[in-house]
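The chain contents come next:
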Amino acid sequence: MGGRKDLFLFTFLVPVSLIAAAAWNSGMAAEGKPRRILLDTDMDTDDIFALLYLLKQNRSHFDLKAVTINANAWSDAGHAVNHAYDILYMMNRDEIPVGVGGDGGILDDGTILPDVGGYHPLIEQGTSTASYCRYRQAIPIGGSGGRLDVDTNFGFRRRLLPQVCLNSSIIRRRPSRSGKKSTQVAWHQGKRRYVPLKQPTAQRVLADTISAGPTTLLAIGSHTNIALFLMTHPRLKTNIEHIFIMGGGVRSSNPTGCCPVNGSSSCKPRQCGDHGNLFTAYAGNPYAESNIFGDPFAAYQVFHSGIPVTLVPLDATNTIPITENFFDEFERRRGTFEARYCFESLKMTRDTWFDNQFYTSYFMWDSFASGVAVSIMRNGDDYYGENEFAEMEFINMTVVTSNEPYGVHDGSNPFFDGRSVPKFNLQKLGVHSGHVQTGIDDPFCLPKDGGRGRCEDGYTKEVTGPESVRVLVAERAKPNQDVRSPLNREFFGSFLDVSTSELVSVTNKLGSSTSFAHAGRSRGRPVVFDMDMSAGDFLALFYLLKAPRETIDLKGILVNGNGWANAATIDVIYDVLHMMGRDDIPVGLGSVTALGTPSLGCKFAQAIPHGSGGFIDSDTLFGLARALPRSPRRYTAENSVEFGAPRDTDRPSLRQPLALEVWRSVSEASSPRNKISVLTNGPLTNLASIIAWDKNAAKIIERVYIVGGQVSSGGVKNETGNVFTVPTNKFAEFNMFLDPSAAKQVFRSDLSITLLPLSAQRKVASFKRILETLRLAEKTPESNFVRRLLSLLHKLRQDESKLYHHVDMFLGELIGAVFLVDHSKLNPVIETKPIKILTGSMSEDGQIRVDERHGKPVDIVDDLDSEAYYNVFASLLGDKKQSAVIGSYEEQKKLWNTPPQ
């Protein structure tokens, strides 16, 4: 690669040669002391194997000091950080700090503010945590191995990992009825969880850990966190001894997606022979590996930092696929709890694999990298990387961040486009100044002649000259030295020895829980609740569950996965239902993207912040989800051929129902005399899909109550909307904006609609009044929980208004449930207006206009008695006639710990 060296490394404070020399020498000087390790991970399935492999090492030799989480890759921040806490708790390592996120930003002039969260690649990072998914869209959002499966670890996180853990110091011996002593296991809840504004950020944990002493970094995700640290803490580079990286493909040749030698002539190879492994994006970019592709510019900063780098790329990991012999041996030896957790995760990965080539296309990626790193460190950081598991070689390379020709301004590169001075003072016409891949379907990248894709973003490319950096690279996995072993790779034996060892292990037991469904025949109006799992939606769910069954019979819940929470948050719904004794209510998962948009994208969801007040808070219910009892129901990747899966898993009956399946079940059980009312509290994706699929929907549905929208007549005095992250769209409300095409279809349908718009919601969005009425009302477990959540939202809005200024809109979302249950007590003023939904432009998407000629007549709640509203809400929440069966997680633990009578 020619041209001037184009770096933004901040190394003018510390010469590169001094960094490298100090790093190598510090490793030698520290001989005899445990190696301090920081793991930067995206908490994917194989990352869990790597994490546990490190935790199982002898701490006198290898001491894991901290974990930081990539928030822009395979997992979502709120789920990932609690997953990490659970694993560390299980392994009795609660002292290890976990860093994730942060709400800092990068100014337009390139100034990096403190605590940038790493939710977005550096090229997309602005001053907000809401942004476009340029690279992340290559990662599937839902199941089939995507972010939903990673966030839940296929359902095993909830099934197997403890939120409670055995404390040997409080095991008590109790006499049994026979007079013999029996062991009574006492449990306590892990103290660590995500808490808004108190969660340590990734940058804080990196700074604290590295400043405390010489540290080795193991990077097994995208490099955003580490790059931000290096760019803002140049003086601390000398404390980083070494960076081990799993990622990239240098000379690799992808063995997957190839046609059989004697296969059909109609077979078309997919990724066969590619350097990279982007299975969703190889048509445009056959060169990149997913970890480096997650943030190529960040990876460039890391590789060119002057710190010694050892790379374990696809070149090596492609030579260590999971074999059937290894799988069988792992199954036989899974004696420890952590080994079982790893094996069950691996087995579900195999059972849900998209084709029959699992044993030739699933590799030991991050776990192999952790093994190579440990082995090199054990050998004293030999300059040539001597280790037990991989053959090594030095290669001169770089990370490609843009595509030639350089110096173009085609709107794809925010570092240069529209700027007289490039961001970060990058070199004009330099290696960062070309076309930057805008997405997986970027026309620039796609081949025009049926050949290979054109883009190289994220390619760890072998080069010479001033642009190259010398990197120690693992070429291939070493064969097993024991020729009699059925395991064909040396690392297989080490991985099984370490993961199944009982020297560093935790024997874990979890209490079982019981389903407490209400008995009795329902008599009330059948209702289906469609929600996107915002905090307001959970408040509304509690209210619906409190309504007398003679009034409201909640038949089913439909979940939009393209709203204010990620799909894995469906488990919180199961917990609320379990708390309220309603495990009988089916929950169906809907689409994770807006109607008519690509399944791998974020066209409208990009408007939702990832940090404070956004996804990380919604996914954890602002840190309070763990106060709920754990339901026996949960999302699971279990599936069957009957529903389109490639094969049956072990427990296909546990399969997560889809939204349309739940709707079909409810609608088939309905009758003309007992039509269904639908309450929607999120984007209208599910409802639009229902009316498109079920031609009788309008006959079955009595009325739809839609919480959302902001009605305007097109004049200058219209009340503004609430899509605060899209300043050009002043009049849209989030629920309509998140899927305007679905809203348009619903409002064009024959459905009878009552709209509860933003203007009405704002009249009942006083934290002060609703908290006062709850304080004066009777106390129940559910009213206590609701009050706790509302108090937290109120405090966050008061203390950090910049981050939480918008949370009163979640309070307004209660209006639909209260109106549906008790509208006669609210003295509502309802007007009928002909309206239409605007689509086609981000500056207008989701706006509602009155249209006398072409609009659909809709009943719109214009006003209501706010005082009556607050009193009705608090009164029903405090009603003890239909209260929680399990009041809290603490109460559930008492059930587990009570000896049988």
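Our subject is the structure that appears above.
All chains use their own residue numbering, which begins from 1 and follows the written sequence. Residues qualify for local features only when their pLDDT is at least 70, as the model is predicted, and side-chain atom pairs are given and counted only at 80 or more; totals for whole chains, interfaces and linings, by contrast, use all residues. Remark: hydrogens and water are excluded; side-chain values derive from all non-hydrogen atoms of the structure.

> In this structure, what is going on with the sheet that holds strand β9 (residues 240-246)? I would like to understand it.
Backbone hydrogen bonds hold the strands of a sheet together, and the pairing may be parallel or antiparallel. Overall, mixed pairing links the nine strands, which are arranged β3-β2-β1-β8-β9-β10-β13-β11-β12 in an open sheet. Strands at the two margins of the open sheet, each flanked by one partner only, are β3 (98-100) and β12 (460-462). For this sheet, the mean angle separating the axes of adjacent strands, direction not counted, is 35°. Criterion used throughout: strands pair if DSSP finds at least two bridges between them. Counting from the N terminus, the helices are the DSSP runs of H or I reaching at least four residues and the strands are the DSSP runs of E reaching at least two. Across three bridges, strand β11 (residues 390-399) lies against β12 in antiparallel orientation. Lines fitted to the C-alpha atoms define the axes, with helices restricted to the stretch that makes contact. Angles between their N-to-C directions range from 0 to 180 degrees.

> Explain helix α29 (residues 815-822) here, please?
Here's how the labels work: a residue is buried when its accessible area is under 20% of the maximum for its type, exposed when over 50%, partly exposed in between, all with a 1.4 Å probe on protein chains only. For α29, the tally of buried residues reaches eight of eight residues, placing the bulk of the element in the interior. For α29, the set of buried residues is I815, G816, A817, V818, F819, L820, V821 and D822.

> Could you clarify how one ought to interpret the state of the cysteines in this entry?
Disulfide: a covalent bond formed between the sulfur atoms of two cysteine residues. The disulfide definition used here is simple: a pair of cysteine sulfur atoms within 2.5 Å. Evaluation of the coordinates by the stated rule reveals four disulfides. Note that C258 is cross-linked by a disulfide to C272, the S-S spacing being 2.0 Å. A torsion of 95° about the S-S bond marks the disulfide between C258 and C272 as right-handed. Taken together, the positions of C258 in the loop between β9 and α8 (290-293) and C272 in the loop between β9 and α8 put the pair 14 residues apart, joining distant regions of the chain. In this structure C258 comes out as partly exposed when scored by relative accessible area, which is 36%.

> Explain the pattern of salt bridges here, please?
Here the idea is simple: oppositely charged side chains can pair when their charged atoms come close. Salt bridges are defined as contacts in which a side-chain nitrogen from Lys or Arg sits within 4 Å of a carboxyl oxygen from Asp or Glu. The tally for this structure, following the rule as stated, stands at 51 salt bridges. Among the salt bridges present, the one from K546 reaches E782, with a minimum N-O distance of 2.6 Å. Of this pair, K546 sits in helix α16 (residues 535-546) while E782 sits in helix α26 (residues 781-799); the two residues are 236 residues apart in sequence, bridging distant segments of the chain. Exposure remark for K546: the relative accessible area of 2% places this residue in the buried category. A salt bridge links D584 to R582, with the shortest nitrogen-to-oxygen separation between them at 2.9 Å. Put simply, R59, D63, K65, R93 and E95 are held in one network by salt bridges that share partners.

> Which parts of the structure should I look at to understand the side chain of H610?
For H610, the location among the structural elements is in the loop between β16 (587-589) and α18 (615-618). Contact definition: two residues touch when any of their heavy atoms are within 4.5 Å. When near neighbours in sequence (up to four residues on either side) are disregarded, H610 contacts Y119, H120, T129, A130, R136, F615 and I616.

> For this particular structure, what's the right way to read the pairing of β9?
Residues in a regular strand point their side chains to alternate faces of the sheet. The buried fraction of β9 is high, at seven of seven residues. Note that strand β8 (residues 215-220) and β9 share five bridges and pair parallel. Its bridge partner lying in β9, A219 is registered against I245. A crossover counts as right-handed when, viewed with the strands pointing away from the observer, the path leading from the first strand over the helix to the second turns clockwise. You can see the chain leave β8, run along helix α7 (residues 224-232) and come back into β9, and the turn it takes is right-handed. Note that β9 and strand β10 (residues 309-312) share four bridges and pair parallel. What sits directly across from F244, in β10, is T310.

> Is there a simple way to think about α7 in this case?
Because an α-helix packs 3.6 residues into every turn, residues spaced three or four apart end up facing the same way. Within α7, eight of the nine residues are buried, leaving the element largely enclosed by the surrounding structure. Those residues of α7 lying buried are T224, N225, I226, A227, L228, F229, L230 and M231. Buried positions along α7 lie against β1 (35-41), β2 (62-69), α6 (202-211), β8, β9 and α9 (296-303).

> Sorry if this is basic, but what is going on with the sheet that holds strand β23 (residues 856-863) here?
Taken in spatial order, the ten strands of this open sheet run β16-β15-β14-β17-β18-β20-β23-β21-β22-β19, and their pairing is mixed. Looking at which strands have only one partner, the edges of the open sheet turn out to be β16 and β19 (711-712). Bridge analysis of strand β17 (residues 676-680) against strand β18 (residues 701-707) gives five bridges, and the strand direction is parallel. The partner of L679 across the bridge, within β18, is Y705. Running over the sheet, helix α17 (residues 570-579) touches β14 (525-531), β15 (552-559) and β16 and is turned about 175° from β16. Contacts from helix α19 (residues 659-668) reach β14, β15, β16, β17 and β18 within the one sheet, and its direction differs from that of β15 by about 155°.

> Looking at this structure, I do not really get the environment of G613. What am I missing?
The residue G613 is located in the loop between β16 and α18 in this model. The class for G613 is buried, based on a relative accessible area of 0%. C-alpha separation for the pair G613 and R797, spaced 184 residues apart in sequence, amounts to 9.4 Å. The residues contacting G613, other than those within four sequence positions of it, are W564, L803, Y804, H806 and F810.

> In this structure, what is going on with the environment of L658? I would like to understand it.
Take L658: it is sitting in the loop between α18 and α19. Expressed as a C-alpha distance, the spacing of L658 and P586, which sit 72 residues apart in the sequence, is 9.9 Å. Setting aside residues no more than four positions away along its own chain, L658 makes contact with G588 and L589.

> Would you mind going over the packing of α19 against helix α20 (residues 685-693) with me for this structure?
Geometrically, a packed helix pair is captured by the angle between its two axes and the distance between the axes. Axis separation between α19 and α20 bottoms out at 10 Å; the angle between their running directions is 60°. Taken together, the axes of α19 and α20 are oblique relative to one another. Crossing of α19 over α20 shows right-handed handedness. Residues A659, L660, W663 and R664 of α19 pack against N686, S689, I690 and W693 of α20. Here the contact of α19 with α20 is built from residues that sort into five nonpolar, two polar and one charged. Here the angle decides the label: under 35 degrees means roughly parallel, over 145 means roughly antiparallel, 65 to 115 means roughly perpendicular, and every other value means oblique. Crossings are assigned a handedness: left-handed for a near helix turned anticlockwise from the far helix by less than a right angle, right-handed for a clockwise turn. The nonpolar class holds Ala, Val, Leu, Ile, Met, Phe, Trp, Tyr, Cys and Pro. Asp, Glu, Lys and Arg form the charged class, and all remaining residues, Gly among them, are polar.

> Hey, could you run me through the pairing of β15 in this one?
Within β15, seven of the eight residues are buried, which leaves the element mostly enclosed by the surrounding structure. As defined by bridge partners, β14 adjoins β15 across seven bridges and the pair is classed as parallel. Counted as the bridge partner of V528 is G556 from β15. As for the winding sense of the linkage, the β-α-β connection from β14 through α16 to β15 is right-handed. As paired elements, β15 and β16 share three bridges and run parallel to each other. Opposite L558, over in β16, you have G588 as the bridge partner. In the classification by handedness, the crossover that spans β15, the intervening α17 and the parallel β16 is right-handed.

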